[in-house]
Amino acid sequence: MSTPVFALVGRPNVGKSTLFNRFTGTRDALVADFPGLTRDRQYGRGEFEGKRFIVVDTGGLNPDAADALAALAEQQARLAIEEADEVLFIVDAQAGLMPSDRDIAEYLRKLGKKVRLLANKAEGMSRATVADFFALGLGEPLPVSAEHGDGVPPLLRSLLANAEPTPREDDDGRIRVAVVGRPNAGKSTLVNRLLGEDRVLSSDQPGTTRDAISVNFEWEGRQFELIDTAGIRRRSRVSEVIEKFSIVKALQAIERAHVVIAMVDAREEIGMQDARLMGLIAHHGRAMVLAVNKWDSLPGDQRRSVKDQVDFRLPFLDFVQLEFISALHGSGLRELMEDVVEAYEATTRDLPTPELNRVLEAAVERHAPHAVLGRHIKLRYAHQSGRNPPSIMIHGNQTDKLKDSYKSYLTNVFRDAFKLKGVPLRLEFKTGDNPFKDKKNVLTGRQVKKRKRMTERYR
């Protein structure tokens, strides 16, 4: 079963972005008391009671909007609705039922999608106070407060009732590899070349692949499961064939994978769409290899330009192995697969606690943390706190005062020491409680007399 997808829709300024941040536990969506702040779709991942889901924040649906930006935001919202399993229609409980709410409800009913009605900003309100929204014909409105969290846990529990718990990492030794990228980057061609047969349909026409395709194969004695993402979906109700990139499909494939091959076309400029997708992969903590495809047909000056683009547009991927390949002719694929295996081994590696502490001690001795108000930050010990991606917990005092630059220094030290290539290593910090906090020192009788004499002397 694929990861469920929920789209947040409604008129502007009803709290969609606030609910997005509540679901994902982030501040990724812009939030302000200003209608129409969100223009584009925003994708995020959430987890509740061991079950993962994808949530899509949208711009406000405003049927009466006349400006071009509002129309574009509405178009983005309609695309999000198409790719969602369930639509969460958000209304403002404090403002009450508005005419635009009725227009949106009528549009949603025509789509045949499963819609759940949420009355937001209902902190302290009962179900009876939001009864006016029954008039929308979408069932019982559920009062929630995105800002304070009221009603959100039971809502998520209901939404995820039929979802499968997040599976534990299997130990069958099969490496799951997702191939993601923009339309016509050569994903299916790469899969076919690795398999040695035309297993998936490939063409120069963007949008050939319509769904994620999973296939097993063996390479140099290792077992793999390749996931060729759909990447593209045909937009409905358009007279001509217009294709769009589906981040939802890519996210669902990323959830299943150990390692992600992110493909870009060397003949196309690396744009915001590529950077956004790779940022999502890194945010998910997945090991990654960057493959620049169709490299063989480029002249020397264009090759230099592509390398400059990678450095300029993707600086946050300094941990990722970069390979220049030709999926059609097979050049660079051996190096690509070697990087995939290395990234898999890095993301599933066990990091021995004694070795972690030796590396930490040497790093601190070489470059100690800065002092805070005259007090030194002490990093006492470290241990592994997770795999895929590898996570390291470091205990000490005042760890919340560590500068980002020092955290980056420690990340690079651990990455080099354990050869963690292609993995977004995560460092977690925990400050231990002071054992003498709130503990009063009881003076002896002799100390009391001495304090009394000193006090009288200096009066």
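The text that follows walks through the structure, step by step, so that each part is easy to find. The structure presented is a predicted model; accordingly, all values stated were derived computationally and were not measured. Along each chain, numbering runs from 1 in the same order as the chain's sequence is written. In view of the model being predicted, local features appear only for residues whose pLDDT reaches at least 70, and side-chain atom pairs are presented and counted only at 80 or more, with totals across whole chains, interfaces and linings using the full set of residues. Calculated side-chain values reflect all of the structure's heavy atoms, with hydrogen atoms and water omitted.

## Some words on the overall build of the chain
Here is step 1 of the chain: Secondary structure is summarised from DSSP: a helix means a run of H or I of at least four residues, a strand means a run of E of at least two, and numbering begins at the N terminus for each. Summing up its helical and strand segments, the chain has 12 helices and 19 strands in all.
Here is step 2 of the chain: The buried label applies to any residue whose accessible area, calculated with a 1.4 Å probe on protein chains only, is under 20% of its type's maximum; exposed applies above 50%, and partly exposed to all values in between. For the chain, the proportion of its 459 residues judged to be buried stands at 48%.
Here is step 3 of the chain: The contact criterion used throughout is that any non-hydrogen atoms of two residues lie within 4.5 Å. Once local pairs closer than 6 in sequence are excluded, the contacts in the chain between residues at least 24 apart make up 68%.
Here is step 4 of the chain: What sets the accessible areas is the Shrake-Rupley method with a 1.4 Å probe; for residues, cover comes only from the shown protein chains. Working note: accessible area of the chain is about 23900 Å², and carbon and sulfur atoms make up 48% of it.

## Some words on the pattern of salt bridges
Two side chains bearing opposite charge may form a pair once their charged atoms approach each other closely.
Here is step 1 of the chain: The salt bridge definition used is simple: a Lys or Arg side-chain nitrogen within 4 Å of an Asp or Glu carboxyl oxygen. In the structure shown here, the tally under the stated rule is 20 salt bridges.
Here is step 2 of the chain: For Arg 157, the salt bridge identified is with Glu 49, shortest N-O distance 2.7 Å. Placement of the pair is Arg 157 in helix α4 (residues 152-159) and Glu 49 in the loop between β2 (42-48) and β3 (51-57), with a sequence separation of 108 residues.
Here is step 3 of the chain: Close ionic contact of Asp 274 with Arg 182 constitutes a salt bridge, the shortest N to O distance being 3.1 Å.

## Description of the pairing of β2
Here is step 1 of the chain: When DSSP finds two or more bridges between a pair of strands, those strands are recorded as paired. Two strands pair when backbone bridges link them, and β2 and β3 are joined in this way by 7 bridges, in the antiparallel orientation. From the neighbouring strand, Phe 48 faces β3, where its bridge partner is Lys 51.
Here is step 2 of the chain: The hairpin turn running from β2 into β3, its antiparallel successor, is 2 residues long, and Glu 49 in that turn takes a positive phi close to 50 degrees.

## Points about helix α9 (residues 333-347)
Three or four residues apart is the spacing at which side chains of an α-helix point the same way, because the helix has 3.6 residues per turn.
Here is step 1 of the chain: With 15 residues, α9 extends 21 Å from end C-alpha to end C-alpha; this agrees with the ideal 21 Å at 1.5 Å per step.
Here is step 2 of the chain: Of all the residues in α9, the buried ones are Leu 333, Leu 336, Met 337, Asp 339, Val 340, Val 341, Ala 343, Tyr 344, Ala 346 and Thr 347. Here the expected length of a helix is defined as 1.5 Å per residue gap, with one fewer gap than residues.

## Points about unusual backbone geometry
Here is step 1 of the chain: Of the consecutive residues Asn 388 and Pro 389, the connecting peptide bond is found in the cis state with omega at 5 degrees.
Here is step 2 of the chain: Within the element layout of this structure, Pro 389 appears in the loop between β17 (378-386) and β18 (391-397).
Here is step 3 of the chain: Phi is positive for Lys 121, which is not a glycine, with a value near 60 degrees.
Here is step 4 of the chain: Looking at where Lys 121 falls in the secondary structure, it is placed in the loop between β5 (115-120) and β6 (142-143).
Here is step 5 of the chain: The residue Lys 294 is not glycine, and still its phi comes out positive at about 60 degrees.
Here is step 6 of the chain: Looking at where Lys 294 falls in the secondary structure, it is placed in the loop between β13 (287-293) and α8 (300-313).

## A short note on the sheet that holds β3
Here is step 1 of the chain: The 6 strands are arranged β2-β3-β1-β4-β5-β6 in an open sheet whose pairing can be described as mixed. Where the open sheet ends on each side, the last strands, each with one partner, are β2 and β6.
Here is step 2 of the chain: Direction of pairing for strand β1 (residues 5-9) relative to strand β4 (residues 86-92): parallel, over a ladder of 4 bridges. What sits directly across from Phe 6, in β4, is Glu 86.
Here is step 3 of the chain: A fitted line through C-alpha atoms represents every axis, and for helices the fit uses only the stretch in contact; the resulting angles, taken between N-to-C directions, go from 0 to 180 degrees. α4 rests against β1, β2, β3, β4, β5 and β6 of the sheet, and its axis sits at about 175 degrees to β5.

## Considerations on the sheet that holds strand β19 (residues 426-431)
Here is step 1 of the chain: On the basis of which strands lie adjacent, the open sheet formed by 3 strands has the order β17-β18-β19 and mixed pairing. On the outer flanks of this sheet lie β17 and β19, each paired with one strand and no other. The sheet shows a mean angle of 25 degrees between the axes of neighbouring strands, taken without regard to direction.
Here is step 2 of the chain: Here 7 bridges tie β17 to β18, and the two strands are oriented antiparallel to one another. Within the sheet, the bridge partner assigned to Gln 384 lies in β18 and is Ile 392.
Here is step 3 of the chain: Lying over the sheet, helix α10 (residues 353-366) contacts β17 and β18, oriented at roughly 145 degrees with respect to β17.

## Points about the environment of Tyr 406
Here is step 1 of the chain: One can find Tyr 406 in helix α11 (residues 404-418).
Here is step 2 of the chain: Take Tyr 406: its relative accessible area is 4%, and that puts it in the buried class.
Here is step 3 of the chain: Among residues more than four places away in sequence, those in contact with Tyr 406 are Ala 363, Val 364, His 367, Ala 368, Pro 369 and Leu 379.
Here is step 4 of the chain: Of note is the side chain of Tyr 406, whose polar atom sits 2.7 Å from the backbone oxygen of His 367. For the purposes of these results, a polar contact is taken to be a pair of N or O atoms within 3.5 Å, where, inside protein, one atom must be able to donate a hydrogen and its partner to accept one; residues adjacent in sequence count only when each atom of the pair is a side-chain atom.

## Here we look at the packing of α10 against α11
Here is step 1 of the chain: Interhelical geometry of α10 versus α11 gives an angle of 135 degrees and a closest axis separation of 10 Å. Put simply, α10 runs oblique to α11. When the axes of α10 and α11 are compared, the crossing they make is right-handed. Packed against α10, whose contacting residues are Glu 355, Leu 356, Val 359, Leu 360, Ala 363, Val 364 and Arg 366, the element α11 presents Tyr 406, Tyr 409, Leu 410, Val 413, Phe 414, Ala 417 and Phe 418 at the interface.
Here is step 2 of the chain: Here the nonpolar group is Ala, Val, Leu, Ile, Met, Phe, Trp, Tyr, Cys and Pro; Asp, Glu, Lys and Arg are the charged ones; every other residue, Gly included, is treated as polar. Of the residues contributing to the contact of α10 with α11, the split by class is 12 nonpolar, no polar and 2 charged. Each angle is binned into one of four classes, with values under 35 degrees roughly parallel, values over 145 roughly antiparallel, values of 65 to 115 roughly perpendicular, and all other values oblique. In a left-handed crossing the near helix is turned counterclockwise from the far helix by less than a right angle, and in a right-handed crossing that turn is clockwise.

## Some details on the nonpolar core
Here is step 1 of the chain: For this analysis, a nonpolar core means a set of buried residues of the types Ala, Val, Leu, Ile, Met, Phe, Trp, Tyr and Cys, connected via side-chain atoms within 4.5 Å. If you look at the biggest cluster of nonpolar residues, it comprises 51 residues, and the most contacted ones within it are Leu 190, Phe 224, Ile 392, Ile 394, Leu 410 and Phe 414.
Here is step 2 of the chain: The element that contributes the greatest number of residues to this core is α9, accounting for 8 residues.
Here is step 3 of the chain: In this structure Leu 410 touches Leu 360, Ala 363, Leu 379, Ile 394, Leu 427 and Phe 429, once residues within four positions along its chain are discounted.
Here is step 4 of the chain: Within the second largest apolar cluster, 39 residues are counted, among which are Val 5, Ala 7, Ala 84 and Phe 319.

## Describing the environment of Lys 403
Here is step 1 of the chain: Its location among the elements puts Lys 403 in the loop between β18 and α11.
Here is step 2 of the chain: Accessibility expressed as a relative area gives 46% for Lys 403, which makes it partly exposed.
Here is step 3 of the chain: Residues Lys 403 and Pro 369, spaced 34 residues apart in sequence, show a C-alpha to C-alpha distance of 8.4 Å.

## Side note on the pairing of strand β9 (residues 222-228)
Here is step 1 of the chain: Taken across its 7 residues, β9 has 5 buried, putting it largely inside the fold.
Here is step 2 of the chain: The pairing of strand β7 (residues 175-181) with β9 spans 5 bridges and is classified as parallel. Residue Ile 175 lies in a different strand from β9, and its bridge partner there is Phe 224.

## Structural notes on the packing of aromatic side chains
Here is step 1 of the chain: Ring pairs shown here join Phe, Tyr and Trp side chains whose ring centres sit within 6.5 Å, with only the six-membered ring taken for Trp; geometry is labelled stacked below 30 degrees between planes, edge-to-face above 60, and tilted in between. The tally for this structure, following the rule as stated, stands at 5 aromatic pairs.
Here is step 2 of the chain: On the basis of an interplanar angle of 50 degrees and a centroid distance of 5.9 Å, the ring pair of Phe 6 and Phe 53 is categorised as tilted. Residue Phe 6 is found in strand β1, and its partner Phe 53 is found in strand β3; the two are separated by 47 residues along the sequence. In terms of burial, Phe 6 and Phe 53 fall into one category: buried.
Here is step 3 of the chain: Cluster of aromatic residues (ring-pair linked, three or more members): Phe 6, Phe 23 and Phe 53.

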